[in-house]
Amino acid sequence: MRNVQSARGGRGFDSPPLGAFNDFYDTPLLAAWQFIYEGFIKTEMFMFDIVRQKFPILSRSKNMSQETSNSLFSGASQYVLDEELAKIVNISMALEMPLLLKGEPGTGKTMLAHAISEALNMKLIVLNVKSSMKLVEALYQYDTLTRLNDSRFGDSSRNVSNIEEYIKMGKIGQSFVADEKVVLLIDEIDKADTDFQDDMLDVLDQMEFDIIEIDKTIKAKNRPVIIITSNAKKSLSDPFLGRCNFHHIAFPEPDMMNEIVKVHFPDIDRELLEHSVRAFYKMRELRNVEKKPATRELINWIRALKADPDFRIKDLVKGNLPYLGVLFKKSPDYAVAMNSVSRMSRF
């Protein structure tokens, strides 16, 4: 086989004559395809630049700035999280979308917001949702009573004719007027009615709301990091779900629970850790229990065991579990646990 020069300057085997390539490249059809291809490449690079500028977290490289690197959340001193949760937190911050967290009580939904606040050095603002709450309460309050008293007694330095002096920001309002980016935790959104949920996300989408008493629009100085928790007591509307990213925090497996316990008790005895966690999961498996003990109860239970000078680890091995009232907070559940422990300690 003979070696010849190819049309593009490379070397090939048994290539056609160079003139054949030149004839093909001179055709209008190829010129048109080349124009389309070059246009596609330019468009693709333009879109990539836009994505990289808007969401630097999605285009990490060796030259990524230290500032962007520091904005990634990977856990906190008292919070252990898995890789999947870390990813959804970081992508939600990059996309500037609320993150909706579900999971049984005690899985760390609320504490995640505290951990983000600590790790990224942002102020935390917490809105505890109540069943009777109206959206305006979360935005601002007009203190009519104080204004009335000021007008009656005249002993205040406030200008009674200036209504704005009697406007106080609610939790969402506080997150909007903050000079720096903050973490906004909206806790137990499922307690609120559907209108509250949908109207609230309208405000969070637009990042502004009106104070009708003074005909003023409040616009957010910085878009907050928004964490929303739900215990699934009520279903959330489809429009609400469509505006959020979502993550279900499953109850930790024993290996993960060991890591969580060691964060709270760095010097814990290995045997105490092993047997207390094992006993804890046995208690969670009890039937006819309405409220299973959660991570918070385990931490407090270990704290109680360590505080008791008469406690011996062999008691746990024998199934004699003290301080069940730390694990079970309802009378029927406590009775079930006591009966189970009594049966175990007989053998």
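Just so it is clear, the structure is predicted and the values come from calculations on it, not from any experiment.

Student: What am I meant to see in helix α11 (residues 254-264) here?
Tutor: Helical geometry: 3.6 residues make up each α-helical turn, so side chains three or four residues apart lie on a common side. Considered for burial, the residues of α11 that qualify are M257, N258, I260 and V261. The arc that holds every buried residue of α11, seen down its axis, measures 165°, which confines them to one face. Where α11 is buried, its residues contact α12 (270-284) and α13 (295-307).

Student: Mind showing me how you'd approach the side chain of K109 here?
Tutor: Checked against the element boundaries, K109 lands in helix α5 (residues 109-119). Polar side-chain contacts of K109 include one of 3.1 Å to the side chain of N231. Those residues within four positions of K109 in sequence are excluded, and the remaining contacts are L101, K102, G103, E104, T229, S230, N231 and I249.

Student: Whenever I open this one, the pairing of strand β3 (residues 99-102) confuses me. Can you help?
Tutor: Every regular strand shows the same layout, with side chains that alternate between the two sheet faces. Residues L99 and L101 line one face of β3 and the alternating positions L100 and K102 line the opposite face, and both faces are buried. Bridging between β3 and strand β10 (residues 225-230) involves four bridges; their strand directions are parallel. Residue L99 lies in a different strand from β10, and its bridge partner there is I227. The pairing of β3 with strand β11 (residues 245-248) spans four bridges and is parallel. Looking across to β11, one finds that K102 is bridged to H248.

Student: Teacher, can you tell me more about the packing of aromatic side chains here?
Tutor: A ring pair, where both rings are aromatic, is described by two values, the distance of the centres and the angle of the planes. Tallied over the entire structure, the rule returns five aromatic pairs. On the numbers, 6.2 Å between centres and 75° between planes, the contact of F251 with Y281 is edge-to-face. With F251 in the loop between β11 and α11 and Y281 in helix α12, the pair connects residues that are 30 residues apart, well separated along the chain. There is no split in this pair, since F251 and Y281 are both buried. Taking the ring centre of F251 as reference, the NZ or CZ of R284 above it sits at 3.5 Å.

Student: Looking at this structure, I do not really get unusual backbone geometry. What am I missing?
Tutor: Here M207, not a glycine, exhibits a phi torsion of approximately 60°, which is positive. The topology assignment puts M207 in the loop between α9 (194-206) and β8 (208-211). Looking at M207, the relative accessible area reads 8%, which means it is buried. Look at D215: it is not a glycine, yet its phi comes out positive at around 50°. With respect to the element layout, D215 can be found in the loop between β8 and β9 (216-219).

Student: So what exactly am I meant to see when it comes to the pattern of salt bridges here?
Tutor: Note that side chains of opposite charge can pair when their charged atoms are close. Summed over the entire model, instances satisfying the criterion amount to 15 salt bridges. Each member of the salt-bridge network shares a partner with another, and the members are D202, D205 and R243.

Student: Just to check I follow, could you spell out the nonpolar core for this structure?
Tutor: Where a protein is soluble and globular, its nonpolar side chains tend to be buried together. Counting residues in hydrophobic clusters, the biggest one holds 32 residues, and the most contacted among them are I172, I186, I189, M200, L204, I228 and F240. Listed by contribution, the elements that provide at least two residues to this core are β4 (124-128), α6 (135-139), α8 (171-177), β7 (183-187), α9, β8 and β10. It is α9 that provides the largest number of residues to this core, a total of five residues. With residues near it in sequence (within four places) discarded, F240 still touches L100, I189, Q197, D198, M200, L201 and I228.

Student: Would you explain the packing of α11 against α13 in this entry?
Tutor: Direction vectors running N to C along α11 and α13 enclose 50°, while the axes themselves pass 11 Å from each other. Viewed along their axes, α11 and α13 adopt a mutual orientation that is oblique. Crossing hand, α11 versus α13: right-handed. For the pair α11 and α13, contact is made by M257, I260, V261 and H264 and by T295, L298, I299 and I302, respectively. Classifying every residue of the contact of α11 with α13 gives six nonpolar, two polar and no charged.

Student: Would you mind showing me how to read the sheet that holds β10 here?
Tutor: Strands pair in a sheet through their backbones, by hydrogen bonds, and they do so in one of two ways: parallel or antiparallel. Read across the sheet, five strands follow the order β4-β7-β10-β3-β11 without closing on themselves; strand pairing throughout is parallel. Because the sheet does not close on itself, it has two edges, and the strands there are β4 and β11. Neighbour-to-neighbour, the strand axes of the sheet open up by a mean angle of 20°, direction not taken into account. Here helix α4 (residues 83-95) sits on the sheet in contact with β3, β10 and β11, set at roughly 165° to β11.

What counts and how
- Residues numbered from 1 in each chain as written.
- Predicted model: local features only at pLDDT ≥ 70, side-chain atom pairs only at ≥ 80, totals over all residues.
- Heavy atoms only, no water.
- Buried < 20%, exposed > 50% of the residue type's maximum accessible area, 1.4 Å probe, protein only.
- Helix = DSSP H or I, 4+ residues; strand = E, 2+ residues; numbered from the N terminus.
- Arc of directions from axis to C-beta.
- Contact = heavy atoms within 4.5 Å.
- Polar contact = N/O pair within 3.5 Å; in protein donor to acceptor, adjacent residues only side chain to side chain.
- Pairing = 2+ DSSP bridges.
- Phe/Tyr/Trp six-rings, centres within 6.5 Å; stacked < 30°, edge-to-face > 60°.
- Lys NZ or Arg CZ within 6 Å of the ring centre and 35° of its normal.
- Salt bridge = Lys/Arg side-chain N within 4 Å of Asp/Glu carboxyl O.
- Core = buried A, V, L, I, M, F, W, Y, C linked by side-chain atoms within 4.5 Å.
- Axes fitted to C-alpha atoms, helices over the stretch in contact; angles between N-to-C directions.
- Parallel < 35°, antiparallel > 145°, perpendicular 65-115°, else oblique.
- Left-handed = near helix turned anticlockwise from the far one by under 90°.
- Nonpolar A, V, L, I, M, F, W, Y, C, P; charged D, E, K, R; others polar.

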